[in-house]
Amino acid sequence: MFNNTAIQGNAFYSMDFNKIKYVSNGIFCVSNEGYIDEVYEEDHKDYDLIRFKYLKSGKLRILSDSEVMLPGFVDLHIHASQWPQAGTALDRPLETWLGEYTFPLESRFKDLVFANEVYLDVINTTLTHGTTTAMYFATVDRESSILLAGLCGESGQRGLVGKVVMDDPSSNSDFYRDASPEEAVYETEKFINEVLKIQNTYKQKIYPVVTPRFIPSCTPKALEGLGMLARKYDVHVQTHCSESDWAHQFVKEKYGVNDAKALDNFGLITEKTVIAHAPFLEPDDLKIIAGKKTSIAHSPLSNAYFANSVLPLKDFRSKGVNVGMATDISGGYSPSMYQSIRQAVISSRMLQEGVNPSLPRDERGRPCSSITINNAFYSATVAGGIALNLPIGKLEKGYSFDVQIINMENNIPRFYKEKNPEDLLHKILLLSESSNIKEVWVQGCRVK
Ligand code: GUN
Ligand code: FE
């Protein structure tokens, strides 16, 4: 079969947590369905033949020497509805920030005109920053949450979207919550069905996500109902988990167990579950999470403000837990996964070295904690695909063609020759601005 289109050029992607694959002048063949059919490297015996065939049919796009392809990023945790307040009020503690800023803002999304404007803007902004797949929290309101899913579909972004559940009258104000546990579950089921109805309308697809905000905001009855829906429809689940001292303690006191155990008891810890933050997971929690193949969404910028700690990413991985990356707009202020990658590396180095200069050096930090840029790049791409059970994050045969084409002419110094290709990747990851992201492709379609 002759393929739809092909792009010839240099590319980087993660092979595994440590290893980067550099493809020099490869030909990436993309099927009509938007998957990578084949990658021909320069030493392939058919390279010249394939190149000639595509050239002749006018379907070969050739990138210049100053352009390079990277996989699109997978943002595993982002509150689309908090985009208007990105960059504000981060000096408040989490619980105050939620009550004084976040809930009043989220309650405004019943207004579909406002919702439409904000959601389109956040989708366009993340797409132009290279995010090809995003797992979104919307709000409690079902209709505008469906709107967000549809807008992702129309904009060409692979959106996984959740109508937020927060029904407990003892922890939520009347102006912004589900009316009852029954209503929360009913509305969620309706949301799932409506999104599933339009799921395949879009080439890259959209997905409904069961979304209890976090245990402190939900009644046991609602959590139980949501666990049943997750099982019935085999859909993704997302929630906040063991994020801060306050949130972690709250759950311990209410249920006598940690978040992970409580969520598991409600049927909410599955292979398709993404738990946001989770720095306070304890050894027994890690066993549950690893056993169920549940993934963590690591949001290092947000953690610097709200989490009272740094996620020991390397340690959790060594216990078998997959850790992807996220922005957590607006707990994190930046819509760019580049910022998440950079902060993840910085935070991990501070965790390893320690931050209190009054302590002796060997008491200051947590050994073996620092992650490399390669590790962070893996988390923002491949680990995201693993977390969502989708063929995304790599530029290999069988994966969706989700790509950002970086132009290195501005912002990235090219005055001397890098010793090896990986040096160039590191420059791109640390120095790129959104203006360097020249094109974005999702499922074989150009969206920027
Ligand atoms: N915990 C419960 N809700 C939220 C939220 O919106 N953001 C963050 N960072 N943590 C939460
Ligand atoms: Fe969050």
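This section reports on the structure supplied with the text. (Residues numbered from 1 in each chain as written. Chains lettered and ligands numbered in written order. Predicted model: local features only at pLDDT ≥ 70, side-chain atom pairs only at ≥ 80, totals over all residues. Heavy atoms only, no water.)

## Notes on the overall build of the chain
Inference 1: When its secondary structure is counted, the chain shows 16 helices and 16 strands.
Inference 2: Expected size for 448 residues packed as a compact globule is a radius of gyration near 22 Å; at 22 Å, the chain falls within 12% of this value.
Inference 3: Burial statistics for the chain: of 448 residues in total, 60% are counted as buried.
Inference 4: Looking at the chain alone, contacts between residues at least 24 apart form 72% of all its contacts between residues at least 6 apart. (Helix = DSSP H or I, 4+ residues; strand = E, 2+ residues; numbered from the N terminus. Rg over C-alpha atoms; globule rule 2.2 N^0.38 Å. Buried < 20%, exposed > 50% of the residue type's maximum accessible area, 1.4 Å probe, protein only. Contact = heavy atoms within 4.5 Å.)

## Examining the sheet that holds strand β10 (residues 236-241)
Inference 1: Across the sheet, which stays open at both edges, the eight strands sit in the order β6-β7-β8-β9-β10-β11-β12-β13 with parallel pairing between neighbours. A single partner strand is all that each edge strand has here, and the edge strands are β6 (73-79) and β13 (322-325). Sheet twist, expressed as the average angle between the axes of neighbouring strands with direction ignored, equals 25 degrees.
Inference 2: The pairing of β10 with strand β11 (residues 273-277) spans five bridges and is parallel. Across the sheet, Q238 pairs through a bridge with V274, a residue of β11. (Pairing = 2+ DSSP bridges. Axes fitted to C-alpha atoms, helices over the stretch in contact; angles between N-to-C directions.)

## Section: the coordination of the iron ion (ligand 2)
Inference 1: Here the iron ion (ligand 2) is held by the protein donor atoms H77 (NE2), H79 (NE2), H240 (NE2) and D328 (OD), which lie 2.1 to 2.3 Å from it.
Inference 2: One can describe the site at the iron ion (ligand 2) as irregular: its four donor atoms subtend angles covering 87 to 175 degrees at the metal.
Inference 3: Donor residues binding the iron ion (ligand 2) come from one chain and are separated in sequence as H-x1-H-x160-H-x87-D. Taken together, the positions of H240 in strand β10 and D328 in the loop between β13 and α12 (337-353) put the pair 88 residues apart, joining distant regions of the chain.
Inference 4: Residue H240 is classed as buried on the basis of its relative accessible area of 8%.
Inference 5: You can call D328 buried: its relative accessible area is 3%. (Donors = N, O, S within 2.8 Å, 3.2 Å for Na, K, Ca; no water. Tetrahedral: all angles 85-135°; square planar, octahedral: opposite > 155°, others 65-115°.)

## Re the site of ligand 1
Inference 1: Neighbouring ligand 1 are 13 residues, the closest being H79, Q82, R213, E243 and D328.
Inference 2: Q82 is positioned such that a nitrogen or oxygen atom in its side chain is 2.9 Å from an oxygen atom of ligand 1.
Inference 3: Between D328 and ligand 1, the recorded distance is 3.0 Å, taken from a side-chain N or O atom to a nitrogen atom.
Inference 4: Across the complex, the protein chains shield 100% of the 280 Å² of accessible surface that ligand 1 would expose by itself.
Inference 5: Secondary structure elements with two or more residues in the shell around ligand 1: α2 (94-106) and α10 (300-306).
Inference 6: Among the elements that line the shell around ligand 1, the one with the most residues is α2, at three residues. (Near = heavy atom within 4 Å. Polar contact = N/O pair within 3.5 Å; in protein donor to acceptor, adjacent residues only side chain to side chain. Areas by Shrake-Rupley, 256 points an atom, 1.4 Å probe, with all protein chains shown as cover.)

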